[in-house]
Structure formats: structure tokens, C-alpha cells
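# Chain and residue survey
The residues making up each chain are set out below.
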Amino acid sequence: MTALTVAGVLLGGALAGCGGATAPAPTAFAPTSPAPASPSAPTPGATTSAAPKKPPTMAPGPAGRTPVFERRPTGGGAAAKDAAEKVVALTFDADMTADQGPRAKAGERFDNPELIALLRRLKVPSTVFMTGRWAEEYPAQAKGIGTDGLFEVANHSYSHYAFTADCYGLPVVTKDAMTRDVERAFSAFRQAGVRNVVPYFRFPGGCYDDAALRALGPANVTAVQWDVVSGDAFATDAGAVAEQVLDGVRPGSLVVMHCTRSAAPVTAEAIGRIVPELRKRGYRFVKVSELMEG
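Below is a summary of the structure that appears in this document. (Residues numbered from 1 in each chain as written. Predicted model: local features only at pLDDT ≥ 70, side-chain atom pairs only at ≥ 80, totals over all residues. Heavy atoms only, no water.)

This brings us to the overall build of the protein chain. Broken down by element type, the protein chain carries 10 helices and nine strands. Summing over all exposed atoms, the protein chain offers an accessible surface of approximately 11,100 Å²; the carbon and sulfur share of this is 56%. (Helix = DSSP H or I, 4+ residues; strand = E, 2+ residues; numbered from the N terminus. Areas by Shrake-Rupley, 256 points an atom, 1.4 Å probe, with all protein chains shown as cover.)

Considering the arrangement of structural elements, one finds K175 in the loop between β4 (151–155) and α6 (178–192). Along the chain, K175 and T164 lie 11 residues apart, while their C-alpha atoms are 8.9 Å from each other.

What the rule picks out here adds up to 15 salt bridges. A salt bridge links E293 to K53; its shortest N-O distance comes to 2.9 Å. Here E293, found in helix α10 (residues 288–293), pairs with K53, found in the segment before β1 (68–69); they are 240 residues apart in sequence, far enough to count as distant. Close ionic contact of E269 with R273 constitutes a salt bridge, the shortest N to O distance being 3.0 Å. On the criterion of helical spacing, the pair formed by E269 and R273 is a turn pair, its members being four residues apart in helix α9 (residues 267–280). Exposure remark for E269: the relative accessible area of 45% places this residue in the partly exposed category. Sharing partners across several salt bridges, the network here consists of R109, D111, E114 and R261. (Salt bridge = Lys/Arg side-chain N within 4 Å of Asp/Glu carboxyl O. Buried < 20%, exposed > 50% of the residue type's maximum accessible area, 1.4 Å probe, protein only.)

This is the structure in C-alpha cells:
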């Protein structure tokens, strides 16, 4: 989840994206063999991974700044054709900060296996933005998600500490430690056995500035934001969450949601309403990597 933890939960507004070509092979990101596609036969509106291929990325910005992607462009050419076909990417932030271990030991649940099971039943391709700390706390679940072709796993930092000041009260990562924090998350994924990892990164709390984009350049990742905020963080009304998503989705949209029971308890229920309705409206669900291809 882009989890915006309490003092830092909820996703900041629409952050500007950059356009782009394919970036050079990443350094901090260590590719692993993609998992095979889910054996379940696809249903209308669902897509699973086909033959393994390199995930698309965006070219670095000026002075090597980390590029930012927040939705599929709706200009001409192939992008316009795909937009007409109504594609949408659902993303889920699996948040856990580096200092929340005691809370997990006390029984707080930062996972949401029911949500993942529902996405599998509904055959919804999804991208999970996972913190390294989450992968360490729930290695079996991380591996299960990361070896299922229905999902791809992206980086949400190791510690879920902010990359800017004044980000929902989150502790702040120093500029010289940002790339190491991202690398540590990728390392945690490998140790958990996560295979279908993509070179995408989501800033904790969605907070970033030019200094953060410069500092994160050596990680060779594409930052992924969103254009639709679900409002599921700390929500108690699944209907309101579903309505907010359904009202906001447009062809090419990228939706941010959360995969943490304690911080987003009604997400699974909301998904149970969102997915059938969007399919009824003609939308096809894709992962971020497929959305970025346009």
C-alpha cells in the first residue's frame, strides 16, 4: 500500500508524471525470473502474464532524476486505442514501517490474505507495492504473491519512512540513505523468494520532491504514483470507497489502494463491488507494467 500510515496515511494528491522511453538496465533492481502465468483460465476482463519479458520502464529525467508515472497517456496512437478499450490498473500498498515489529507481535495485522484470495478468485491482475519490512514479517505471503503470475511486486521502500519532510508524520529517510533503503527492500524480496519483481517504486505516503528524485536516481527505478485515490486508508464504509473509485476511474487510470487489514479494513469488501461494476462498464484490468506499455 502506499500506505500512508496513520500520521502518514492517505495518499497525497496527483503528483506530476514524466513521459518516456525505456530506461537502461537497473542497478539497484536485481531482476528475477518472472513467475509463470496463473494456470486458471482467464475470464472476461482479466489478464495474466504471458511469456516472460522485460518490464517497461521510463527514461531518467534531467540530471538522472527518477522518472514518475501516474497514469497511461491518452494521446494519439496505440495509447489512444488502448484507452478506448478501457484499461485500468489496481495497485495495493503492503505497508509496514521498520519500527512496527512490536505491534505485529502484539497481534496487529499488516497483511490482508483475504484481499489477495479475492483478487485471485476474481482473476484481477494487480501490482502490489510492498515494503521490505512487510516481506520480512510475512515471507510466506510475500512469496505466494511474488510467484503467482496474476501479480507483480514493486518496491515501496524498506522502512516506509518518508522521502520528504512533513509527510503525514512519517519518520524521514536521509537523502544519502534513500537508494540503500530501496536496495534493502529488493534484497528482502529476494530473501523471501519473490520472483515476479518489477523495477517500480512508490514513495511512502506518495510524498516526493525534486531532491528525492535526484537522490533516488542511482536506484534506476521508475516511480509510480496514481490518478485515483481510493480513500480506503482507515475507511470503515466499503460502499463509500467503492463509489470513490468508480467515480474516479477513467480509461488508463491507476488506482491506489492498500493491503493492510489494520489500516484498511474494508478494502476487500470494496473490491467485491468495484471489480464487477468496472467489468460491467467494459474495463479490463491490467498490471502497472502493462499500463506503462501504452
